[in-house]
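Examination of the molecular architecture
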Amino acid sequence: MASSDTTCEPPVKRQKVAEPRTLLKDLPADQFLKHASLWNSPPVTILVHGTEFKVPKDLLCYNSSFFNSAFNGSFKEGEEKKMDFQDCSAETFQLAVQWIYFSQINVPARQVIAQDSSTIASNNSSQYISQNSSLLVNCTASEVNTSTPAQSRQSSVATTELDANLRTWAEEENIEIKFYPDFGTNEKAQIISRLLAFLKLADKIDLIGPFDSVVASIKQAIHTSPNRRGLLPGHIRLAAELSLTHPVRRLFADACFREFVQDMIPHDKATKPFRFDKELNDLDSFSSDLLRSYRKSERKRQLSKKNAPEFIFTDPFTENKFFMAA
């Protein structure tokens, strides 16, 4: 377990308490029509690492209390109708814009990140999303179809350019790449990272949720990666910055549960050390989340068919049972 004098833990983030707000898509038809003018309000400009996003002011402020305070309060942004926002990458902010319009997001294929960012700068955000939907990969599917236009251009993009795009993304997101081993070749890890960056931004700007579909896409990316290797130490550390009750924190703990138990109860000399041992020591919150996963998991001791003692656990991530020699 983590020591009490740990210094790597980010500040505790409390759950925000605010008036309940409803996604526009979830409003009854009569209420939705009362908000139809939101799309036609004058735009404001958000500058994110050199990329300009023009979004209807009222639509933006309805969906985000952060921007509502900035553009409708007594700040210079309200007078200038413009804000310099550097708390995320341009790629992550375009996901937020898509959520504001449609209450869903699609993760761009890695091969077209650079092109997407430059294109969106010169187009209205809604026009960009509708005209370039063929370049987007559905995050629920978590897979790039080999027949998509993005994939067909993969051979024309140099590896060094892809690496540069990833480095730029990491710098704009202010993440420590040392906690993302083999990130450049781990497609599932990249998908999880982008979705997690969106959730962090959504938390920052108090974007209307819920984000169940995004959390489900992260779970699928972990589940479909070999041995859950899509989940990296950097993801655990980033999740620790979210509120105590954020579902992603519980999801990550559940995903680590089986590997953690196998490390705690070694049953094989070839068993590898727990991959997130450093995070377990550095982050008290991760230790607590793992302990909660352990407590809620069904477990018992029994005799195997060979009359040898064994443990049976229920993996909280999949609800499947697994056995370990006692």
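Residues numbered from 1 in each chain as written. Predicted model: local features only at pLDDT ≥ 70, side-chain atom pairs only at ≥ 80, totals over all residues. Heavy atoms only, no water.

Considering the confidence of the model for the chain
Under the convention used in this document: The quantity known as pLDDT measures the predictor's confidence residue by residue, on a range of 0 to 100. Contact between two residues is taken to exist if any of their heavy atoms lie within 4.5 Å; hydrogens are not considered.
When pLDDT is averaged along the chain, the result is 79, and 73% of the positions lie at 70 or above. Across residues 111–124, where pLDDT falls below 50, the model places 29 contacts with residues more than four positions away in sequence or in other chains.

Details of the environment of lysine 296
Put simply, the rule is: Only DSSP runs of H or I with at least four residues qualify as helices, and only runs of E with at least two residues qualify as strands; both kinds are numbered from the N terminus onward. Here a polar contact means two N or O atoms within 3.5 Å. Within protein one must be a hydrogen donor candidate and the other an acceptor candidate, and residues neighboring in sequence count only if both atoms are side-chain atoms.
In this fold, lysine 296 is placed in helix α15 (residues 284–296). Taking the C-alpha atoms as reference points, lysine 296 and threonine 314, separated by 18 residues in sequence, lie 9.4 Å from one another. For lysine 296, the contacting residues outside a window of four places in its chain are Asp254 and Pro316. Engagement of the side chain of lysine 296 in a polar contact is seen with the side chain of aspartate 254, the distance being 3.1 Å.

Here's the deal with the nonpolar core
Heads up, the rule is: For this analysis, a nonpolar core means a set of buried residues of the types Ala, Val, Leu, Ile, Met, Phe, Trp, Tyr and Cys, connected via side-chain atoms within 4.5 Å. Think of it in three bands: residues with accessible area under 20% of the maximum for their type are buried, residues over 50% are exposed, and the middle band is partly exposed, with areas taken using a 1.4 Å probe on protein chains only.
Within the largest apolar cluster, 65 residues are counted, with the highest numbers of intra-cluster contacts made by Ile46, Phe85, Phe93, Phe198 and Phe252. With residues near it in sequence (within four places) discarded, phenylalanine 85 still touches Ile46, Leu47, Val48, His49, Phe66, Phe67, Phe93, Leu201, Lys204 and Ile205. Listed in part, the 10 residues of the second largest apolar core include Leu166, Ala170, Ile175 and Leu232.

Details of the sheet that holds strand β3 (residues 82–84)
Filter applied, for reference: Two strands qualify as a pair provided DSSP detects at least 2 bridges between them. Note on geometry: axes are C-alpha line fits, over the in-contact stretch for helices, and angles between N-to-C directions span 0 to 180 degrees.
Taken in spatial order, the three strands line up as β2-β1-β3 in an open sheet, and their pairing is mixed. Taken across any chain shown, the strands that pair with only one partner, and hence form the sheet edges, are β2 (51–56) and β3. Across the sheet, the mean angle separating the axes of adjacent strands is 20 degrees when strand polarity is ignored. Examined bridge by bridge, strand β1 (residues 43–48) and β3 share three bridges and lie parallel to one another. Note that in β3 the partner of isoleucine 46 across the bridge is methionine 83. Running over the sheet, helix α3 (residues 65–72) touches β1 and β3 and is turned about 120 degrees from β3.

Some details on the packing of aromatic side chains
Put simply, the rule is: Stacked, edge-to-face and tilted labels apply to pairs of Phe, Tyr and Trp rings (six-membered ring for Trp) whose centres lie within 6.5 Å, assigned for plane angles under 30 degrees, over 60, and everything in between, in that order. Both a distance and an angle decide whether a charge sits over a ring: NZ of Lys or CZ of Arg must be within 6 Å of the ring centre and within 35 degrees of the ring normal.
In total, this model carries 21 aromatic pairs according to the counting rule given. Between the aromatic rings of tryptophan 99 and phenylalanine 211, the centroid separation amounts to 4.9 Å while the plane-to-plane angle is 40 degrees, which identifies the pairing as tilted. Of this pair, tryptophan 99 sits in helix α5 (residues 90–102) while phenylalanine 211 sits in the loop between α10 (187–204) and α11 (212–223); the two residues are 112 residues apart in sequence, bridging distant segments of the chain. Here tryptophan 99 falls in the buried class, since its relative accessible area comes to 1%. A cation over an aromatic ring shows up here: lysine 219 above the ring of phenylalanine 317, its NZ or CZ 5.4 Å from the ring centre. If you follow arginine 237 out to its NZ or CZ, it ends over the ring of phenylalanine 179, 4.0 Å from the centre.

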